[in-house]
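# Architecture at a glance
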Amino acid sequence: MVATGCRLRPLLRRLLSSQRFSSSSVDNPATTGSVVYRHTLRTQRPTTIHWQKDLQNSATFIGTLISPLKTVTTCHGVLGVHTQLKVDPPSGSKRFLRIFLDMWEDMAELATQHLKPNDYIYVSGYLQSFTKALDNGNIIMYPKVLVKEINFVANSNQRSNNIEDGESALEKRRRRLHLWQVFFANPYEWQDLRKRKVNPSQPDFRHKGSGEALWLRPNDPPWVTRQLQLQDSRMGDIGLRSSRTLSSFQL
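Residues numbered from 1 in each chain as written. Predicted model: local features only at pLDDT ≥ 70, side-chain atom pairs only at ≥ 80, totals over all residues. Heavy atoms only, no water.

### Points about the sheet that holds strand S7 (residues 190-192)
We count it as follows: Strand pairing is defined by DSSP finding a minimum of two bridges between the two strands. What counts as a helix is a DSSP run of H or I of at least four residues, what counts as a strand is a run of E of at least two, and both are numbered from the N terminus.
Taken in spatial order, the three strands of this open sheet run S7-S8-S9, and their pairing is antiparallel. Across the chains shown, the open sheet's two edge strands, defined by having one partner strand only, are S7 and strand S9 (213-214). Of the pairings in the sheet, the one linking strand S8 (residues 205-207) to S9 comprises two bridges and is antiparallel in character. The residue bridging Phe 205 from the neighbouring strand is Leu 214, located in S9.

Dropping the structure here:
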């Protein structure tokens, strides 16, 4: 009996020690508060934005022009351009999305002057659709975009030495626009340096990993300004809600 009691004492001590450790880790308000706080940030209610007609059914795509531009003129003398955009999926799939593009008036004139097949572009506009009857009688619906904005995009497969050597002004602009696309895809990977700038030569944003820099410029396309304003609004709402959540936990 004495031998059994001696054997049980170390087991009891280990059991009591594990219970104390478990209790301290569960009941620690700093640990549990941190977990709940992070969960609250991940599952908080999405930001509410004001309704705007320009945002209704708006869509943006990046892809390659795969058909020659077809120009039309209405009976009222309005110039129009039709073409097709090939949008590759983000994965390695061989499937792609074919988007029909409609451009009218000033946008059509811009397209006829600057666009050609195999151009890699960014388009923004209103998502619509149209139907077409096949020879067998089946009707298929196709997506199309009424284009309101066009920008060239630098091909991400370009070699850096080709970009740096003999880079034209158009190529620089395309590369900057592509960098903005990278920024808006994951803005949390970038440092916002706007409030810490001492002189204009310092960048407004810098990538935390690669060190790539971005500057805001007066001639940036309107979509950059709009996306940045929306991003700033979201970050402001997150900061306000985070401070309120933290205050509630401290109380």
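### Digging into the nonpolar core
To be explicit about the condition: By nonpolar core is meant a set of buried Ala, Val, Leu, Ile, Met, Phe, Trp, Tyr and Cys residues that side-chain atoms within 4.5 Å join together. Burial here depends on accessible area, computed with a 1.4 Å probe over protein chains only, as a share of the maximum for the residue type. Under 20% is buried, over 50% is exposed, and the range in between is partly exposed. Contacts are residue-level and defined by heavy atoms, with any inter-residue pair within 4.5 Å sufficient.
Formed by 19 residues in total, the largest nonpolar core has its most connected members in Leu 85, Leu 101 and Met 103. Broken down by secondary-structure element, the contributors of at least two residues to this core are strand S1 (58-65), strand S3 (79-87), strand S4 (97-104), helix H3 (106-114), strand S5 (120-133) and strand S6 (139-152). A total of four residues in this core trace back to one element, the largest contributor, which is S6. Aside from chain neighbours lying at most four places away, what touches Met 103 is Leu 79, Gly 80, Val 81, Thr 83, Ala 108, Ala 111, Leu 115, Val 147 and Ile 150.

### Quick notes on the confidence of the model for the protein
Counted only if it meets this: Every residue is assigned a pLDDT by the predictor, reflecting its confidence on a scale from 0 to 100.
In this model, the protein carries an average pLDDT of 75, and 68% of its residues clear a pLDDT of 70 or more. The element-level mean pLDDT for the protein is lowest in helix H4 (residues 160-164), coming to 39, with S3 highest at 93. Segment residues 15-33: pLDDT under 50, and two contacts once partners within four positions in sequence are set aside and those in other chains are kept. Counted against residues more than four places away or in other chains, residues 240-250, with its pLDDT under 50, gives twelve contacts.

### Brief notes about the pairing of S6
Inspection of the sheet shows S4 paired to S6 by three bridges, in the parallel sense. Paired with Leu 101 across the two strands is Val 145, which belongs to S6. Here 13 bridges tie S5 to S6, and the two strands are oriented antiparallel to one another. Its bridge partner lying in S6, Tyr 122 is registered against Asn 151. Linking S5 to S6, which pair antiparallel, is a turn of five residues; within it Gly 137 sits at a positive phi near 95°.

### Brief notes about the packing of aromatic side chains
This is how it is decided: Two aromatic rings from Phe, Tyr or Trp, using only the six-membered ring of Trp, form a pair when their centres are within 6.5 Å; if the ring planes differ by under 30 degrees the pair is stacked, by over 60 it is edge-to-face, and anything between is tilted. Geometrically, a lysine NZ or arginine CZ counts as sitting over a ring once it is within 6 Å of the ring centre and also within 35 degrees of the ring normal.
Overall, the coordinates contain eleven aromatic pairs when judged by the stated rule. Their ring planes at 85° and their centres at 5.1 Å tell us that Phe 100 and Phe 130 sit as a pair that is edge-to-face. Note that Phe 100 is positioned in strand S4 and Phe 130 in strand S5, a separation of 30 residues in sequence. When its relative accessible area of 27% is taken as the criterion, Phe 130 is described as partly exposed. On the numbers, 5.5 Å between centres and 70° between planes, the contact of Phe 100 with Tyr 142 is edge-to-face. Taken together, the residues Phe 100 in strand S4 and Tyr 142 in strand S6 connect sequence positions 42 residues apart. Above the ring of Phe 96, the side-chain terminus of Lys 86 is found at 4.9 Å from the ring centroid.

### Re the pattern of salt bridges
Condition: The salt bridge definition used is simple: a Lys or Arg side-chain nitrogen within 4 Å of an Asp or Glu carboxyl oxygen.
Counted according to the given criterion, the structure contains seven salt bridges. Between Glu 149 and Arg 226 there is a salt bridge; the shortest N-O distance is 3.1 Å. Separated by 77 residues along the polypeptide, Glu 149 in strand S6 and Arg 226 in helix H6 (residues 222-250) bring together distant segments of the chain. Residues joined by salt bridges that share partners form a network here, namely Asp 192, Arg 194 and Asp 232.

### A closer look at the environment of Asn 151
The cut-off we apply is this: Any pair of nitrogen or oxygen atoms within 3.5 Å is treated as a polar contact; in protein, a donor-acceptor pairing is required on top of that, and neighbouring residues in sequence qualify only through side-chain atoms on both sides.
Its location among the elements puts Asn 151 in strand S6. Residues Asn 151 and Ser 124, 27 residues apart in the sequence, show an inter-C-alpha distance of 8.9 Å. If near-sequence neighbours (up to four positions away) are discounted, Asn 151 is found in contact with Ile 121, Tyr 122, Arg 173, Leu 177, Pro 221 and Trp 223. Only 3.0 Å separates the side chain of Asn 151 from the side chain of Glu 149, close enough to count as a polar contact.

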